[in-house]
Amino acid sequence: MHAAIYARVSTERQERQQTIDSQLTALRAWADAGGHELKDSHVFRDEGYSGARLDRPGLDALRDAVRDGEVEIVAILAPDRLSRRYAYQVLVLEEFRRAGCAVAFLNHAISDDPSDQLLLQIQGAVAEYERALLGERFRRGKLQKARAGQFIGVHAPYGYRYLPRHEKAAGRLVVDEAEAETVRQLYAWLTEERMTLRQILKRLNFGPWFPRCGRRPWSPSTVHHILSDPVYIGTAYSNRYEYVPAKKPRSRKPSYHGVGCRRLRPKEDWIAIGVPAIVDQETWDRAQAQLARNAALSFRNNTKYNYLLRCLLTCSACGLAMYGITRHLAGNIERHYYRCAGKDCVMTARVQRCPRAGVNGADLDDAVWDHVRTLLGNPERLIAQFQQFAGDADRNAAHEAKAEARILARQNALQRADQRLLDAYQAEVISLAELTERRQQLAEQRRALDHQLEQQRGLRRQRAKAQEVLTDLTTFCERIHGRLETASFADKQAIVQLVIERIIVHDEHLEIRHVIPLHNPPPGRDSAPAAGPNGGLRSDRVYPTDLPDEQRALIEPMIPPAKPGGRPRSTDMRAVFHAILYCQPASEWRWTPPATPSSPRR
């Protein structure tokens, strides 16, 4: 049988001790004893990956090989090498079973017998218990090492180097004089020249100093950490934080299992560890006082103004985002503008400023809102554009069907030609070298035909998607039409953020990229995808960013209800189209299809 083997170790220490090699040796011996065919490409390994997660490169490659029918049996040393969680074991084993692939565990054979399945469950429960036990032992061991004065950490702070444990000497931090000189310089700028963090970043990004990674720009969080961490006065702390569920969790990939947020423990629970000092206590105290003063005077404390197009504008000249600013003019007049972030050479670490001037905020807000109101208030023009696109696609459907039939006929002809070559070689009419050369030519032609066939099928999928958009577009416009004329500022902001993905500001025009929420699932999918940790997935497999509660309450009534037995309501199912705003009639707007048939989103 075509066999594959899989081995896993959890830590780098196990990798260095070559425990994965012992697993692979035993698995290869099993394949040889059973007479199975084992290719080098079917040897899968994960070195330094926890068994409590499924997103492992080696395991993903193994699952792809099983899905494609490349292997008929998979050998693993023990169930806990597959996963430390019983639920994950069942998921992967059921996936292999559906693909017609057998699984063999060397330590104990598992069959469909109820007693063997019970044993597998028990082994999974024991593996989970063992993982929890190891985690508790590691936690207590690190606390014991910290109380003994040993530095606990993965990376040394900037200005230090970590010397690992050697013979009887425990791991410790030593001063890196080159980096320590930069640390002392940062404290001098802060305490003696009373510079802000922004001014320090400007000097660092345009001076001879480089961060540890060797490339600019310096991260503001890195510089702030250097200026506020007590490790630089000779005291590192362990057990400072505890990890708790976040109050406002972010959207994360399904494989993420962390709690997501850390919180300071009471100071009496901290464990002090002595390390070499780089600055003295007086300098550090003055630095903390200056940081507190800078924070009180920071411009980020200004929460007075709000802007309609916040987080939507992009500068076409440099590709960076544009943000709102407010100017106070004579006569107590306020006027707001949108300014490109490329004007700030400090934060972007660019030599030249963006040449684009600030855009009048009131004019830009009015132009975009009038465009959105016209677009959604008169859906006939929009529907006409979609119908024109769908009509052109229908007229080309017959031609594309004939082209696809010709491609299939040519593929069949190539297959027959390949078989004739094999027959000629077996009859000793042609040599092996000639057979190899001519089969390579046929293979190149076959790949070109496969590419053409995929393009034709991609066009057919685009036509189906256009029909889905046309079906739900009218319903969406009707639901939102009643709010357009009497919309408050908050209503306008919610609607704009709902239907606009990005606004690119050019010299003479705006490029508005829309995104319309739809209800129906995309073509080829009859049910909803698996829910992520914080709600449903987008149809394009992109996790959404949660809206504020007041905006979500405003948007919810605009979303069409679910059909009986269908998928739940969601603002995440979207189809994307582009409209170029040149102050021209809607008849001159153009539909931009995806660049490639397989492109999930434009």
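For the structure, see preceding data.
Cut-off values and rules
Residues numbered from 1 in each chain as written. Predicted model: local features only at pLDDT ≥ 70, side-chain atom pairs only at ≥ 80, totals over all residues. Heavy atoms only, no water. Helix = DSSP H or I, 4+ residues; strand = E, 2+ residues; numbered from the N terminus. Buried < 20%, exposed > 50% of the residue type's maximum accessible area, 1.4 Å probe, protein only. Axes fitted to C-alpha atoms, helices over the stretch in contact; angles between N-to-C directions. Parallel < 35°, antiparallel > 145°, perpendicular 65-115°, else oblique. Contact = heavy atoms within 4.5 Å. Nonpolar A, V, L, I, M, F, W, Y, C, P; charged D, E, K, R; others polar. Pairing = 2+ DSSP bridges.

Asker: Teacher, can you tell me more about unusual backbone geometry here?
Answerer: Generally, phi is negative for residues other than glycine and the peptide bonds are trans, each holding for most cases. With phi around 55°, arginine 194 is a residue other than glycine that occupies positive phi space. Inspection of the secondary structure assignment puts arginine 194 in the loop between helix 7 (177–191) and helix 8 (197–205). Despite not being glycine, asparagine 239 has its phi angle at roughly 60°, a positive value. Take asparagine 239: it is sitting in the loop between strand 7 (235–238) and strand 8 (241–245). The exposure class assigned to asparagine 239 is partly exposed, which follows from its relative accessible area of 23%.

Asker: Teacher, can you tell me more about the packing of helix 7 against helix 9 (residues 220–228) here?
Answerer: Axis angle and axis distance: for two packed helices, these are the angle between their axes and the distance between the axes, and together they describe the pair. Put simply, helix 7 and helix 9 touch, their axes get as near as 10 Å, and they point 85° apart. Here helix 7 lies roughly perpendicular to helix 9, going by the angle between them. Between helix 7 and helix 9, the contacting residues are Val183, Leu186, Tyr187 and Leu190 on the first element and Ile226, Leu227 and Ser228 on the second. In the contact of helix 7 with helix 9, the residues fall into six nonpolar, one polar and no charged.

Asker: When you look at the sheet that holds strand 4 (residues 102–105) in this model, what are you seeing that I'm missing?
Answerer: Strands in a sheet are paired, the pairing made by backbone hydrogen bonds, and the direction either parallel or antiparallel. In space, the four strands of this open sheet follow the order 2-1-3-4, with parallel pairing throughout. Of all strands in the sheet, those with a lone pairing partner are strand 2 (37–47) and strand 4, marking the two edges. Strand-to-strand twist across the sheet, computed as the mean angle between neighbouring axes with direction ignored, equals 20°.

Asker: Would you take a moment to explain the packing of helix 9 against helix 10 (residues 281–296) for this structure?
Answerer: Orientation of helix 9 relative to helix 10, taken along the N-to-C sense of each, is 135°, at an axis distance of 9 Å. Viewed along their axes, helix 9 and helix 10 adopt a mutual orientation that is oblique. Here helix 9 contributes His224, Leu227 and Ser228 to the contact with helix 10, which in turn contributes Trp284, Ala287, Gln288 and Leu291. Split into classes, the residues belonging to the contact of helix 9 with helix 10 amount to four nonpolar, three polar and no charged.

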